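Architecture at a glance
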Amino acid sequence: EAVRKEEEEKVEREGRAMFQMIDKNKDNKLSLKELELELDKLGYAQEDIEDWFDVADKDGSGWISWEEFKEGMLMRLRKEGHSKVATRLIFVEFREPIPEGEDAREEDGGVTKEKVAHIMENRFGVSEEVIGKTLESNPPDPTTNLYSFPSFHTLLMPYALPEAPPGSERE
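Residues numbered from 1 in each chain as written. Predicted model: local features only at pLDDT ≥ 70, side-chain atom pairs only at ≥ 80, totals over all residues. Heavy atoms only, no water.

With that settled, consider the overall build of the protein. Looking only at helices and strands, the protein features eight helices and zero strands. When the helices and strands of the protein are listed from N to C terminus, the series reads α-α-α-α-α-α-α-α. Looking at the protein residue by residue over its 171 residues, the buried ones come to 44%. Sequence-distant contacts in the protein: of pairs separated by 6 or more residues, those separated by 24 or more amount to 54%. Accessible surface, the protein as shown: approximately 9600 Å² in total, 50% of it carbon and sulfur. (Helix = DSSP H or I, 4+ residues; strand = E, 2+ residues; numbered from the N terminus. Buried < 20%, exposed > 50% of the residue type's maximum accessible area, 1.4 Å probe, protein only. Contact = heavy atoms within 4.5 Å. Areas by Shrake-Rupley, 256 points an atom, 1.4 Å probe, with all protein chains shown as cover.)

Here we come to the nonpolar core. In terms of nonpolar packing, the biggest core is built from 15 residues, with Val-116, Met-120, Phe-124, Val-126 and Leu-135 touching the most fellow members. Elements supplying a minimum of two residues to this core: α6 (113-122), α7 (128-137) and α8 (149-160). At five residues, the largest contribution of residues to this core is made by α8. Discounting chain neighbours no more than four positions away, the residues touching Leu-135 are Lys-113, Val-116, Ala-117, Met-120, Tyr-147 and Leu-155. By size, the runner-up hydrophobic cluster in this structure holds 14 residues, among which are Leu-39, Phe-53, Ile-64 and Trp-66. (Core = buried A, V, L, I, M, F, W, Y, C linked by side-chain atoms within 4.5 Å.)

Attention shifts here to the packing of aromatic side chains. What characterises a pair of aromatic rings is the spacing of the ring centres plus the angle enclosed by the ring planes. Taken as a whole and assessed by the stated rule, the structure comprises four aromatic pairs. Aromatic side chains Trp-52 and Phe-69 sit 5.7 Å apart centroid to centroid with 85° between the ring planes, which places their arrangement in the edge-to-face category. Taken together, the positions of Trp-52 in helix α3 (residues 46-56) and Phe-69 in helix α4 (residues 66-80) put the pair 17 residues apart, joining distant regions of the chain. We note that Trp-52, like Phe-69, is buried. Grouped by ring-pair contacts, the aromatic residues Phe-19, Trp-52, Trp-66 and Phe-69 constitute a single cluster. Residue placement shows Lys-29 over the ring face of Trp-63; its charged tip is 4.3 Å from the ring centre. (Phe/Tyr/Trp six-rings, centres within 6.5 Å; stacked < 30°, edge-to-face > 60°. Lys NZ or Arg CZ within 6 Å of the ring centre and 35° of its normal.)

Laid out in structure tokens, this is it:
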């Protein structure tokens, strides 16, 4: 029973962050279009997105509430596992530009230290002190001064999983 409650709390933390990322207009409900925009980036097929939306929209309102999303996310996490979902989230962050309009990746496919710091702080709630220590102990490629996707993934995975490491707001 305690393990199940802990699992539900983990899903809630991870799911809440994902829900807020998908809810582009910040109205606390998800439209099919909002869901399509984000889940397409994660590699889901259009048909799968529509099916998931139909299943998740339990009240038939045409919107997915937080509660409906949470139930659907719990089913998906049980099916796919936390690390697969977290890897997909990290891949989206790697591809997306930061809000100031900076390109997501440099020409050779890596991301800058500034982008990594921005994502750690703004997406995962990591403190500036922890960001500094993390980046200092995990420098970018010395030739390009960029992080490749595998390096980026390694840096962010602890923060994308439900068990938040020290220094993040989710601890």
